[in-house]
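Inside the fold
Chain residues, written in single-letter form:
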Amino acid sequence: MLTAPHDLFARALNMGYAIGAFNTSNLEVTQAIIWAAQKSRAPVIVQTSEGAIEYGGLHQLSQIIVSLAKESSVPVVLHLDHGKSLEIIKDCIEVGYTSVMIDASRLPLLENIAITKEVVDYAHSRQVWVEAELGAMLGAEGQKELRGEPVPVEVLTKPAEVGRFVEETGVDALAVSVGTIHGAFTGQEFSSFELVAQLVQAVPEVPLVLHGASGISDEHLARVVETNVCKVNVDTELRIAFEAAVRAYFDTEHDKLDPRKILGPAREAVQVVVEKKNKVFGASGKAD
Ligand code: G3H
Ligand code: ZN
C-alpha cells in the first residue's frame, strides 16, 4: 500500500533498524524495489531525484510508482530525493508523494533554515513528511570505481548546529553528512560512528538519514542502523547491478532482439540487491 512514513519512522527509531530508500527512474527498477520489499516483508521508500523526474516525467513516473505501491502488500512511501526548490516539492505533493526532501545544504545555515521552514509549513499542512539536509554530501550517484577520499571536515554535519536547525525548521528527519559520498567508491568506508553518536545526542528524537550508502560494507551499515539512522539511501549499487546484467546479455549469443530480454535480467539483478540491503538494514520482516 502507498503510505505516509510517520509510523514507519517511529517504529524504526524505537526498534533500531532502518528503512531502505532506493532510487528509481523507470518501470523495471520500481518493480524490482517493490517486489524485493514484498519478498523481504519490509517497508520501503521508493525515491525519485529531480533528474529522474525530468527523465520519466513527473506524472508518468509517479503513476508507475503509485500503481505498484497501491497493489503492494507492504508499506511503500513515495519520496522526492534531493528536491532543490519549493516549486518541485509542490508539484510532487500534488501528484501524491507522501514524503519530500528539501536539500538546501549548499546554502549558508540561515538560508537553509529559511527555505526548509517554508517547505515544512507547506508540506505539514498537507500531512507530508519532510527530510532536510545539514552539512553537505559530496559526489554524484552513478560514479563508480573511483578512489575513496576522506570527506573534508568542513562539509560534515556539525553537532552544534543540528538542535537549532531542527527546532527552527520543524523538520521530520535529517540527512547528515557523516563521511559517506554519493557514488560507489573503492576503498570507501564508513567510519564516523563517533560523529553519528554526537548527532544522536544533540537531537535524540529525530530520525537521521544516511545518504551515499553504496560502497559501504554490510558490517558498517548493520552497525549504523542500530543508531538513530532510520533511512538509508542506495542508488549507485542498483545502477551497477542493472548495468552488469545488461552487459551480460550483450556478451552472450542472442538471435532475437527484445527489450524484455535485456531489461528482465537487469530487473532481477536490482531486486537481489534490494533484498540484500533490506536484510542488512534490519528492515526484513518489519512490514508485518
Ligand atoms: O540520495 C541518494 C543517495 O544518497 C544514494 O547514494 O548513489 O551512493 O547509493 P549512492
Ligand atoms: Zn543523496
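Residues numbered from 1 in each chain as written. Chains lettered and ligands numbered in written order. Predicted model: local features only at pLDDT ≥ 70, side-chain atom pairs only at ≥ 80, totals over all residues. Heavy atoms only, no water.

What to know about a negative patch on the surface
The cut-off we apply is this: Residues form patches when they are more than 30% accessible in relative terms and have no salt bridge. Like charges link within 9 Å. Nonpolar side chains (Val, Leu, Ile, Met, Phe, Trp, Tyr) link within 5 Å. Note on areas: these come from Shrake-Rupley sampling with a 1.4 Å probe, and a residue is covered only by the protein chains present in the view. Salt bridge, as applied in this entry: a Lys or Arg side-chain nitrogen positioned within 4 Å of an Asp or Glu carboxyl oxygen. Residues scored as positive are Lys and Arg, those scored as negative are Asp and Glu, and His as well as the terminal groups of each chain are ignored. We put the charge of a Lys on NZ, of an Arg on CZ, of an Asp on CG and of a Glu on CD. Numbering of helices and strands runs from the N terminus; a helix is a DSSP stretch of H or I covering at least four residues, while a strand is a stretch of E covering at least two.
On the surface, E87, D91, E94 and E118 cluster together into a negatively charged patch. The element contributing the most residues to the negative patch is helix α5 (residues 86-94), with three residues. When you line up the elements, D91 lands in helix α5.

Things to note about the pairing of strand β1 (residues 19-23)
Counted only if it meets this: When a residue's accessible area, from a 1.4 Å probe over protein chains only, is under 20% of the maximum for its type it is buried; when over 50% it is exposed; and in between it is partly exposed. Following DSSP output, two strands are said to pair if at least two bridges run between them.
Of all five residues in β1, five are buried, a share of seventy percent or more. Residue alternation in β1 divides its side chains into two sets, I19, A21 and N23 and G20 and F22, and both sets are buried. One ladder, built from four bridges, connects β1 with strand β10 (residues 229-234); its direction is parallel. In the sheet register, G20 faces β10, and the bridge partner there is V232. In this structure, β1 lies alongside strand β2 (residues 44-49), joined through four bridges in parallel fashion.

What about the pattern of salt bridges?
In the structure shown here, the tally under the stated rule is ten salt bridges. As a salt-bridge pair, K277 and E237 come within 3.1 Å of each other at their nearest N and O atoms. Taken together, the residues span a long stretch of sequence, with K277 in helix α11 (residues 259-280) and E237 in helix α10 (residues 236-251) at a distance of 40 residues. Relative accessible area serves as the criterion here: at 5%, K277 is assigned to the buried category.

Quick word on the environment of G282
Summarising the element assignment, G282 is placed in the segment after α11. Judged by relative accessible area, which is 22%, G282 ranks as partly exposed. When the C-alpha atoms of G282 and V225 are compared, they prove to be 7.7 Å apart, with 57 residues separating the residues in sequence.

Quick word on the nonpolar core
Selection rule: Take the buried Ala, Val, Leu, Ile, Met, Phe, Trp, Tyr and Cys residues and link them wherever side-chain atoms come within 4.5 Å; each set so joined is a nonpolar core. We call two residues in contact whenever any of their non-hydrogen atoms come within 4.5 Å of each other.
If you look at the biggest cluster of nonpolar residues, it comprises 83 residues, and the most contacted ones within it are V100, L174, V232, L238 and F281. Apart from the residues lying within four places of it in its own chain, the contact partners of L238 are F22, N23, V29, I33, V270, V273 and V274. Within the second largest apolar cluster, 16 residues are counted, among which are F9, V77, A175 and V209.

Looking at the packing of α10 against α11
The following threshold applies: Note on geometry: axes are C-alpha line fits, over the in-contact stretch for helices, and angles between N-to-C directions span 0 to 180 degrees. Note on convention: the crossing is left-handed when the near helix lies turned anticlockwise from the far helix by less than a right angle, right-handed when the turn is clockwise. Note on residue classes: Ala, Val, Leu, Ile, Met, Phe, Trp, Tyr, Cys and Pro are nonpolar, Asp, Glu, Lys and Arg are charged, and everything else, Gly too, is polar.
Between α10 and α11, whose axes approach to 8 Å, the crossing angle comes to 145 degrees. Every pair of crossing elements has a handedness; the one defined by α10 and α11 is right-handed. Every residue of α11 that contacts α10 at E237, L238, A241, F242, A245, V246, Y249 and F250 is listed here: K261, I262, L263, P265, A266, A269, V270, V273, V274 and K277. A per-class count over the contact of α10 with α11 returns 15 nonpolar, no polar and three charged.

Re the environment of N23
For clarity, the cut-off: Residues adjacent in sequence count toward polar contacts only when both atoms are side-chain atoms; beyond that, a polar contact is any pair of N or O atoms within 3.5 Å, and within protein one must be able to donate a hydrogen and the other to accept it.
With respect to the helices and strands, N23 occurs in strand β1. Note on N23: relative accessible area 7%, which makes it buried. Taking the C-alpha atoms as reference points, N23 and V234, 211 residues apart in sequence, are found 6.8 Å from one another. Within the structure, the side chain of N23 is placed 2.9 Å from the side chain of Q47, a separation counted as a polar contact.

A closer look at the layout of surface pockets
Where we set the bar: A pocket here means an open set of points on a 1 Å grid, computed over the protein atoms alone, that has protein on both sides within 12 Å along at least five of seven lines. A cavity is instead a set of points where a 1.4 Å probe fits but cannot get out; residues with an atom within 4 Å of a point line either one. Grid points are joined across faces, edges and corners, and a volume is the space filled by probe spheres set on the points.
Here the largest pocket is characterised by a volume of approximately 370 Å³. In this structure, the largest pocket is lined by 17 residues; those nearest its centre are T24, S25, V29, D235 and R239. With four residues, the top contributor of residues to the lining of the largest pocket is α10. Computed from the structure, the second largest pocket encloses a volume of approximately 210 Å³. Lining the second largest pocket we find 15 residues, and of these H82, K84, D103, M137 and H182 sit closest to its centre. With three residues, strand β6 (residues 139-147) is the largest single contributor of residues to the lining of the second largest pocket.

Note that all results are geometric; they support no functional claim without further evidence.
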